[in-house]
Amino acid sequence: MPRFRLTIEYNGRPYVGWQRQKNGFSVQEAVEVALRTFCGEDVTLFGAGRTDAGVHATGQVAHVDLARDWKPDTVRDALNAYLREEGGVAILVAERVPDTFDARFSARKRHYLYRILNRRPPPTVLKGQVWWVWKPLDVGAMDRAAKRLLGTHDFNTFRSAHCQAKNPVRTMERLDVVRGPGDEVHIHASAQSFLHNQIRSFAGSLKLVGEHRWSEADLVDALESRDRKRCGPVAPPDGLYLSRVDY
């Protein structure tokens, strides 16, 4: 069966997350319904990352096997015609790939962006797309502290209590905190894989550093404790984006 790779953009606010669930409508399900409407097949879509409810994507990747070898542009345009009714999901690219390609297991690196709106007035047009933090943040202190999380560590402190990963050890290849456009602060994170809530846990703890409520040493102590209770507050999903997946 022909295999297609889809690059997907979505606003996560209306969905219960990427993965199909019993408690609501997911991004995966929205695309699968569009596929069923388009080609009349009940198929399963496999994604590169399982984003949570409210988390967005500008570069999620998924693969699907179809019975017919459609032109990739036809797949993209037909799916978008059906997804337009949903309004929250779009297929950016569809391409034919070998059947050895796996969106999840072939991935070499995943890139995430976390957006903080750092200003006194609350967001209006960006509501649900950023984390509003009204206290001024010391971005330099946040970035210096973030560098202490680079490399291979046991990140048990910075994961959800419901994380299903058997091993909390991960290798952080990039963790930069920079000034974004306007009043935004951006956290860029890259690794082959992440633990559940890892980036949101980083963002919440780095916010404490930016507010000078935590020192760099406090962040390192939290990391080395391997104790989830030592994590700062977990940042909301609003500001998190799966931006790219490398293969």
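Calculation rules
Residues numbered from 1 in each chain as written. Predicted model: local features only at pLDDT ≥ 70, side-chain atom pairs only at ≥ 80, totals over all residues. Heavy atoms only, no water. Helix = DSSP H or I, 4+ residues; strand = E, 2+ residues; numbered from the N terminus. Rg over C-alpha atoms; globule rule 2.2 N^0.38 Å. Buried < 20%, exposed > 50% of the residue type's maximum accessible area, 1.4 Å probe, protein only. Lys, Arg positive; Asp, Glu negative; His and termini not counted. Charge placed at Lys NZ, Arg CZ, Asp CG, Glu CD. Salt bridge = Lys/Arg side-chain N within 4 Å of Asp/Glu carboxyl O. UniProt positions renumbered as here; feature names shortened; annotations may be inferred. Contact = heavy atoms within 4.5 Å. Pairing = 2+ DSSP bridges. Expected span 1.5 Å × (residues − 1).

Draft legend 1. Quick look at the overall build of the chain. Across its full length, the chain holds 5 helices and 10 strands. Relative to a compact globule of 247 residues, whose C-alpha radius of gyration would be 18 Å, the chain shows 19 Å and is just as compact. Taken over the C-alpha atoms alone, the chain extends approximately 55 × 40 × 30 Å along its principal axes. A total of 247 residues make up the chain; the buried ones form 52% of that total. In the chain, 37 side chains carry a positive charge and 30 a negative one; their mean positions are 3 Å apart.

Draft legend 2. Local environment of the pattern of salt bridges. Applying the stated criterion across every chain, the model contains 18 salt bridges. Among the salt bridges present, the one from Arg 76 reaches Asp 73, with a minimum N-O distance of 3.6 Å. Taken together, the residues span about one helical turn, with Arg 76 and Asp 73 both in helix 2 (residues 72-83) at a distance of 3 residues. Here Arg 115 makes a salt bridge to Glu 184, at a shortest N to O gap of 2.7 Å. One end of the pair, Arg 115, is in strand 5 (residues 109-117); the other, Glu 184, is in strand 9 (residues 184-191), with 69 residues separating them in the sequence. As far as burial versus exposure is concerned, Arg 115 and Glu 184 are alike and both buried. A network of salt bridges, in which partner residues are shared, links Asp 143, Lys 147, Arg 174 and Asp 176.

Draft legend 3. Fine view of the UniProt feature "active site" (unreviewed entry) in the chain. Mapped onto this numbering, the UniProt entry annotates "active site" (unreviewed entry) at Asp 52. Turning to its location among the elements, Asp 52 is positioned in the loop between strand 2 (46-47) and strand 3 (56-65). With residues near it in sequence (within four places) discarded, Asp 52 still touches Val 16, Gly 17, His 196, Asn 197 and Arg 200.

Draft legend 4. A look at the environment of Val 209. Within the secondary structure layout, Val 209 lies in helix 4 (residues 198-210). Spatially, the C-alpha atoms of Val 209 and Arg 68 are 54 Å apart, while their sequence positions differ by 141 residues. Once you skip the residues sitting within four places of it in the chain, Val 209 turns out to touch Ala 141, Met 142, Ala 145, Trp 214 and Ser 215.

Draft legend 5. Up close: the pairing of strand 3. Counting buried residues along strand 3, 8 of its 10 residues qualify, which places the element largely inside the surrounding structure. When strand 1 (residues 3-10) meets strand 3, the two strands line up antiparallel, connected through 7 bridges. Within strand 3, the residue paired with Phe 4 across the bridge is Val 64. Sheet topology places strand 2 next to strand 3; 2 bridges connect them, and they run antiparallel. Residue pairing across strands places Phe 46 opposite His 63, the latter belonging to strand 3. Bridge analysis of strand 3 against strand 10 (residues 240-246) gives 2 bridges, and the strand direction is parallel.

Draft legend 6. How the structure looks around helix 4. Over its 13 residues, helix 4 extends 18 Å from the first C-alpha to the last, a length consistent with the 18 Å expected when each residue adds 1.5 Å. Burial runs high along helix 4: 13 of the 13 residues are buried. His 212 lies just past helix 4 and shows a positive phi near 65 degrees.

Draft legend 7. Spotlight on the UniProt feature "domain: Pseudouridine synthase I TruA alpha/beta" (unreviewed entry) in the chain. Sequence positions flagged by UniProt for "domain: Pseudouridine synthase I TruA alpha/beta" (unreviewed entry) are, in local numbering, residues 9-105 and 145-247. As annotated, residues 9-105 comprises 26% helix and 24% strand, and the C-alpha atoms at either end are separated by 20 Å. With 24% helix and 29% strand, the stretch residues 145-247 has end C-alpha atoms that lie 29 Å from each other.

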